[in-house]
Amino acid sequence: MIAPRSALPVQGKYLLWGAGVAAALLSLRFVLIGAWLVLLFSVLDIGGLAVALYLFNKGPVPEERLRVVDGVVELVRLDGRGRQSRIALPAYWTRLEANGRTELDHALWLVFRHERYPIGQCVSADERRVLEPRIRALLQTARGTA
C-alpha cells in the first residue's frame, strides 16, 4: 500500500506562475507609493510556496507492505521521513479487525493478543474497503498452510 502522490500538474504550475505575477502586479501599487517591502514579501511568499512544493515532491512516499511468509505476518512501514519499522506476528493467531461508522471512515487493524496495529493508513477508506477481503483471504490461506 503506497500513499498516492502525483506531481504538480501543468495547470498547477501555470496557477503558481499566475499567482506570482498577480502578487507582483498588486504589489506594484504599493511600490509606487513608496512601500517597496510589500513587493519583496509577496515575492518571498510565492517563492516559499514554490520551494515547499518542490521539497514535498522530492520526499519519500509513505508506504506499507504486508506479506505472509512461513506462517509469519510481516508488516513493514516506511514513513514520509524515510524511517522504517517492522512488525512480525504469527499468522495463525493474528486476526483482522475492521471498523467504519460512516462511508468515509473505515479502519483496519491487525490484532494479536491484546495488541492492535493499524494498517492501510496511507490509503483512503475506499481503498481499505477493497483491501479488507484480500487481507482476510491472505490470513485464511496462511492459517490453512501453517
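Residues numbered from 1 in each chain as written. Predicted model: local features only at pLDDT ≥ 70, side-chain atom pairs only at ≥ 80, totals over all residues. Heavy atoms only, no water.

Describing the nonpolar core
Point 1. If you look at the biggest cluster of nonpolar residues, it comprises 17 residues, and the most contacted ones within it are L89, L96, L110, I119, I135 and L139.
Point 2. For this core, the secondary-structure elements that each account for two or more residues are strand 2 (72–78), strand 3 (84–90), strand 5 (107–112), strand 6 (115–119) and helix 3 (125–145).
Point 3. For this core, the element with the highest residue contribution is helix 3, accounting for four residues.
Point 4. Residues within four places of L139 in sequence aside, it is in contact with V73, T94, R95, L96 and L110. (Core = buried A, V, L, I, M, F, W, Y, C linked by side-chain atoms within 4.5 Å. Buried < 20%, exposed > 50% of the residue type's maximum accessible area, 1.4 Å probe, protein only. Helix = DSSP H or I, 4+ residues; strand = E, 2+ residues; numbered from the N terminus. Contact = heavy atoms within 4.5 Å.)

Re the pairing of strand 1 (residues 63–69)
Point 1. The sheet contact formed by strand 1 and strand 2 spans seven bridges and is antiparallel. Each bridged residue has a counterpart across the sheet, and for R65 the counterpart in strand 2 is V76.
Point 2. Counting the residues that bridge the hairpin from strand 1 to strand 2 gives two residues, and of these D70 lies at a positive phi of roughly 55°. (Pairing = 2+ DSSP bridges.)

Quick word on the side chain of R77
Point 1. Checked against the element boundaries, R77 lands in strand 2.
Point 2. Classification of R77 as buried rests on a relative accessible area of 19%.
Point 3. Those residues in contact with R77 that lie beyond four places of it in its chain are E63, E64, R83, Q84, S85, I87, Y117, P118, I119 and Q121.

Remarks on the packing of aromatic side chains
Point 1. A full pass over the atoms with the stated rule returns one aromatic pair.
Point 2. Here Y92 and W93 contribute two aromatic rings whose centre-to-centre distance is 5.1 Å and whose plane-to-plane angle is 80°, an arrangement assigned as edge-to-face.
Point 3. Classification of W93 as exposed rests on a relative accessible area of 61%.
Point 4. R29 extends its terminal NZ or CZ atom over the ring of F30, reaching a point 5.5 Å from the ring centre. (Phe/Tyr/Trp six-rings, centres within 6.5 Å; stacked < 30°, edge-to-face > 60°. Lys NZ or Arg CZ within 6 Å of the ring centre and 35° of its normal.)

Brief notes about the pairing of strand 2
Point 1. The element strand 2 is largely enclosed, with a buried count of five among its seven residues.
Point 2. Bridge count between strand 2 and strand 3: seven bridges; the pairing is antiparallel. Bridge pairing links L78 to Q84 in strand 3.
Point 3. In this structure, the hairpin formed by strand 2 and strand 3 is closed by a connection of five residues, where G82 is found at a positive phi of approximately 90°.

Topic: unusual backbone geometry
Point 1. In this structure, D70 takes a positive phi of about 55° despite not being glycine.
Point 2. As for its placement among the helices and strands, D70 is situated in the loop between strand 1 and strand 2.
Point 3. Here the phi dihedral of R113 falls at roughly 60°; this positive angle occurs in a residue that is not glycine.
Point 4. Within the element layout of this structure, R113 appears in the loop between strand 5 and strand 6.
Point 5. Given the relative accessible area of 66%, R113 is considered exposed.

Quick notes on the sheet that holds strand 6
Point 1. Strands sit in the order 4-5-6 across an open sheet of three strands; the sheet is antiparallel. Pairing within the sheet leaves two strands with one partner each, and these edge strands are strand 4 (95–99) and strand 6. On average, each strand axis in the sheet is inclined to that of its neighbour by 30°, with strand direction left out of account.
Point 2. Alignment of strand 4 against strand 5, held across five bridges, turns out to be antiparallel. Pairing of N99 across the sheet is with A107, part of strand 5. (Axes fitted to C-alpha atoms, helices over the stretch in contact; angles between N-to-C directions.)

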